[in-house]
Amino acid sequence: MSGFQTNNKVISWLDERLPIFSMMQHSAIDYPTPRNLNYWWNFGSLAAFVLVIMLLTGIFLVMNYSSHTSLAFDSVERIMRDVNYGWLIRYLHMNGASMFFILVYVHIFRNMYYGSYKAPREVLWWVGILIFLAMMATAFMGYVLPWGQMSFWGATVITNLFSAFPVVGQHIVTLLWGGFAVDNPTLNRFFSLHYLLPFVIVGLVVVHVWALHTVKSNNPLGVEMKGEADSIPFHPYYTIKDLFGIGLFLMFFLGFVFWAPNFFGEPDNYIPANPMVTPPHIVPEWYFLPFYAILRAVPDKLLGVLAMFAAIIVLFFLPWLDSSKVRSAKFRPIYRQFFWLFFANCIFLGYLGGKPAEGWYVPASQIATVYYFAHFLILLPLLGKVEKPKALPASISAAVLKEKA
Amino acid sequence: MRKLILSALTAAGLFASSGAALAAGGGEPLMKPGFSWDGFFGRYDQAELKRGFEVFNQVCSNCHGLRLVAYRNLSAVGLTADQIKDVAAAREVADAPNDEGMVSMRAGRASDKYINPFPNDKAAAAANGGALPPDLSLMAKARVGGPNYIYSLMLGFKEEAPHGVVIPEGKYYNTYFPGNAIGMPPQLMEDLITYSDGTKASQEQLARDVTAFLNWAAEPELNERKSMGLKVMIFLAVFTALLYALKRQIWKNLH
């Protein structure tokens, strides 16, 4: 593990003026990484990989897309039918959005299981939440672009949420719409922002990686790296492990693209938008369903909107709400149970978000919503005080060598 | 790894159930006859597509549009260039203005999109008792159940509505239509058309063939998609196995 060295005069000339080679050597090759990361640590690099796929496919889609209400739907169908491999590019982009969320959700739950958000990684975690928020905004606006029935009515329902705010609410909605209904100006500004926000995400990812490289990776044991014996260089160990992960992931991803490309979509979005006909059930994309369930669980519109936003805002406080000094759930027998309960509750909320707000679904989503917040606001602060964690290993290498013996 | 698979399954179950939740309130579960294009190796049956086109062209297209499909695309269902010209020429569209600025009608061409049977939606609804016959280009993707829905709907008409169900004047009872009262009369009678390949036109045969054609209209890329998918998967399986071997090799000396 030495710094960057070369005999090539051109490269060293350049590197003295702009140290890109030294930086790559430092951040992508020598970068010390815990030796014990498991496969759950693959999901960050996988998410970055999908971000690149989304940018590339998106750029090619835009070359054939028309952002006018009278042309948008047909221009998408033209991509599907007449553009060379247009169906492939569009299905990659469409399913890529769902993949991005699957990967990021796994990434977030991994972070929660292993307590990665705890000091000194709070800012790293914050930037992650910001990426998640930017992803949600981007995905929402992207879903509007094909201008199908669910595009139109989803946009109508979600933008209308902002009208719940007193005084400024209606002004915000008018601003979002660019008029007094979801119409051509709405489509145009959403298209513009849908192209802008992914680059904001790229910027945030750079900051995320910067923060990561400052504090280094957490690991399944949750104890910090203490010396040479605990760490291995990123290359070749994790470059090859990440590449292997990408191979597996591509098979999963492309399985949907080639055999079930509309699995994650709504059939209604293959009907052109019609402001005069409301679909029987307006449902957001699956990745919004848990938050949609929280929104609908509260009978009051404003409080529902606030609860939905609070469900994400609360994540920012997670590092301080969790009072335990121990990071990894591996050494927290009680937290581990509650983690899986929390996970199941999130899945359950997602299930409820896809159901109509009637019958037993309503009280169920209210209970699940209360539990969601109770996990953060009551359980996590208490658990750290009540729970007796198992003994932590002296170091990563000590634990790894013991396991191997 | 076991947990990974488990959570993938949980997630898949969640999506499947949320999809099912959206099934419109028609009641009866759809018929699932099984289609040639189902599954990993599924492909369209060319003879079936051609028969389905004959049903569509002679029956459905009298009321329904297919505005996203061009006549030239029909070569994929097995029509020759001359047959395509004849099908296209059966309808007229407004030509571009001539040098004097007069607009006249001309016969359809292979390069035209399928010409709608009615000049506009209002005319289509007026001619059909107020119910607009929907365009069928994307029908196989735009309904829950897709091709199963089309097939079931075609065979779901009942002469008599069940006891207690009132069907308004000018509507028909269909088991699978949301709300059960459909504006379209039953269409697929035995021997409704004479197939050019001599197949007996039973109701099930007609329904199956027209479903195949409409699925092709919605997903014309399906054959190409699935065969490309197979090649990609074989490549990825080998490539990923090599990456795994390499990973094992690199990590072996770490202790």
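Since we're looking at a predicted model, the values are computed, not measured.

A.B. asks: Please set out the overall build of chain A residue by residue, giving values where relevant.
C.D. replies: A count of helices and strands for chain A gives 16 helices and 2 strands. Whereas a compact globule of 405 residues would reach a radius of gyration of roughly 22 Å, chain A reaches 23 Å, a difference of no more than 12%. The buried share among the 405 residues of chain A stands at 41%.

A.B. asks: Can you tell me about the interface of chain A and chain B, naming the residues and giving the values?
C.D. replies: The interface is formed by 35 residues belonging to chain A together with 34 residues belonging to chain B. For the side of chain A that touches chain B, the secondary-structure elements that each account for two or more residues are helix 4 (72–81), helix 5 (86–113), helix 10 (234–259) and helix 14 (333–353) of chain A. For the side of chain A that touches chain B, the element with the highest residue contribution is helix 10 of chain A, accounting for 13 residues. Residues that form the side of chain A that touches chain B fall into these classes: 25 nonpolar, 5 polar and 5 charged.

A.B. asks: Tell me about the packing of helix 6 (residues 122–144) of chain A against helix 12 (residues 301–316) of chain A, and please be specific about residues and values.
C.D. replies: Residues and elements named next belong to chain A. Two numbers describe how helix 6 lies on helix 12: the axes approach to 9 Å, and their chain directions differ by 155°. Judged by the angle between their axes, helix 6 and helix 12 are roughly antiparallel. Across the interface between the two elements, Trp 126, Ile 129 and Leu 133 of helix 6 pack against Ile 312, Leu 315 and Phe 316 of helix 12. Residues that form the contact of helix 6 with helix 12 fall into these classes: 6 nonpolar, no polar and no charged.

A.B. asks: Go over the sheet that holds strand 3 (residues 157–158) of chain B, please, and point to the residues and values.
C.D. replies: Pairing between the strands of a sheet comes from backbone hydrogen bonds, and it takes one of two forms, parallel or antiparallel. All names here are of chain B. One open sheet accounts for 3 strands, arranged 3-4-5; its pairing is antiparallel. For this open sheet the edge positions go to strand 3 and strand 5 (181–182), each flanked by a neighbour on one side alone. Both strand 3 and strand 4 (residues 172–174) contribute to a ladder of 2 bridges, which runs antiparallel. Considered in strand 4, the bridge of Lys 158 is made with Tyr 173.

A.B. asks: I'd love a proper account of the domain arrangement of chain A, names of residues and values included.
C.D. replies: It is common to give the size of an interface as the accessible area lost on bringing the parts into contact. All names here are of chain A. Partitioning chain A into structural domains gives domain 1 (38–215 + 235–282) and domain 2 (296–405). Opposite the 17 residues of domain 1 that make contact, domain 2 presents 15 residues. Secondary structure elements with two or more residues in the side of domain 1 that touches domain 2: helix 5 and helix 6. Of the residues assigned to the side of domain 1 that touches domain 2, the class counts are 13 nonpolar, 2 polar and 2 charged.

A.B. asks: Quick rundown of the UniProt feature "binding site: heme b b562" (unreviewed entry) in chain A? Include the residues and the values.
C.D. replies: Residues and elements named next belong to chain A. Mapped onto the present numbering, the UniProt feature "binding site: heme b b562" (unreviewed entry) falls on His 93 and His 194. In sequence the annotated residues extend across 102 residues, while in space they remain close, none of their C-alpha pairs exceeding 12.8 Å. For His 93, a count of 20 C-beta atoms within 10 Å gives the class buried. Not counting the four nearest positions on each side in its chain, His 93 is found in contact with Met 54, Thr 57, Gly 58 and Leu 61. Topologically, His 194 is positioned in helix 9 (residues 184–215). Beyond its immediate sequence surroundings of up to four residues, His 194 is in contact with Thr 138, Met 141, Gly 142 and Leu 145.

A.B. asks: Explain the UniProt feature "binding site: heme b b566" (unreviewed entry) in chain A to me, using residue names and the numbers behind them.
C.D. replies: Residues and elements named next belong to chain A. The UniProt record annotates "binding site: heme b b566" (unreviewed entry) at His 107 and His 208. Overall, His 107 belongs to the buried group, with 21 C-beta atoms counted inside 10 Å. When residues no more than four places from it in sequence are discounted, the contact partners of His 107 are Phe 43, Gly 44 and Ala 47. With respect to the helices, strands and loops of the structure, His 208 is situated in helix 9.

Definitions and limits used
- Residues numbered from 1 in each chain as written.
- Chains lettered and ligands numbered in written order.
- Predicted model: local features only at pLDDT ≥ 70, side-chain atom pairs only at ≥ 80, totals over all residues.
- Helix = DSSP H or I, 4+ residues; strand = E, 2+ residues; numbered from the N terminus.
- Rg over C-alpha atoms; globule rule 2.2 N^0.38 Å.
- Buried ≥ 20, exposed ≤ 12 C-beta atoms within 10 Å, placed from the backbone.
- Contact = placed C-beta atoms within 7 Å.
- Nonpolar A, V, L, I, M, F, W, Y, C, P; charged D, E, K, R; others polar.
- Axes fitted to C-alpha atoms, helices over the stretch in contact; angles between N-to-C directions.
- Parallel < 35°, antiparallel > 145°, perpendicular 65-115°, else oblique.
- Pairing = 2+ DSSP bridges.
- Domains from an automatic or database assignment.
- UniProt positions renumbered as here; feature names shortened; annotations may be inferred.

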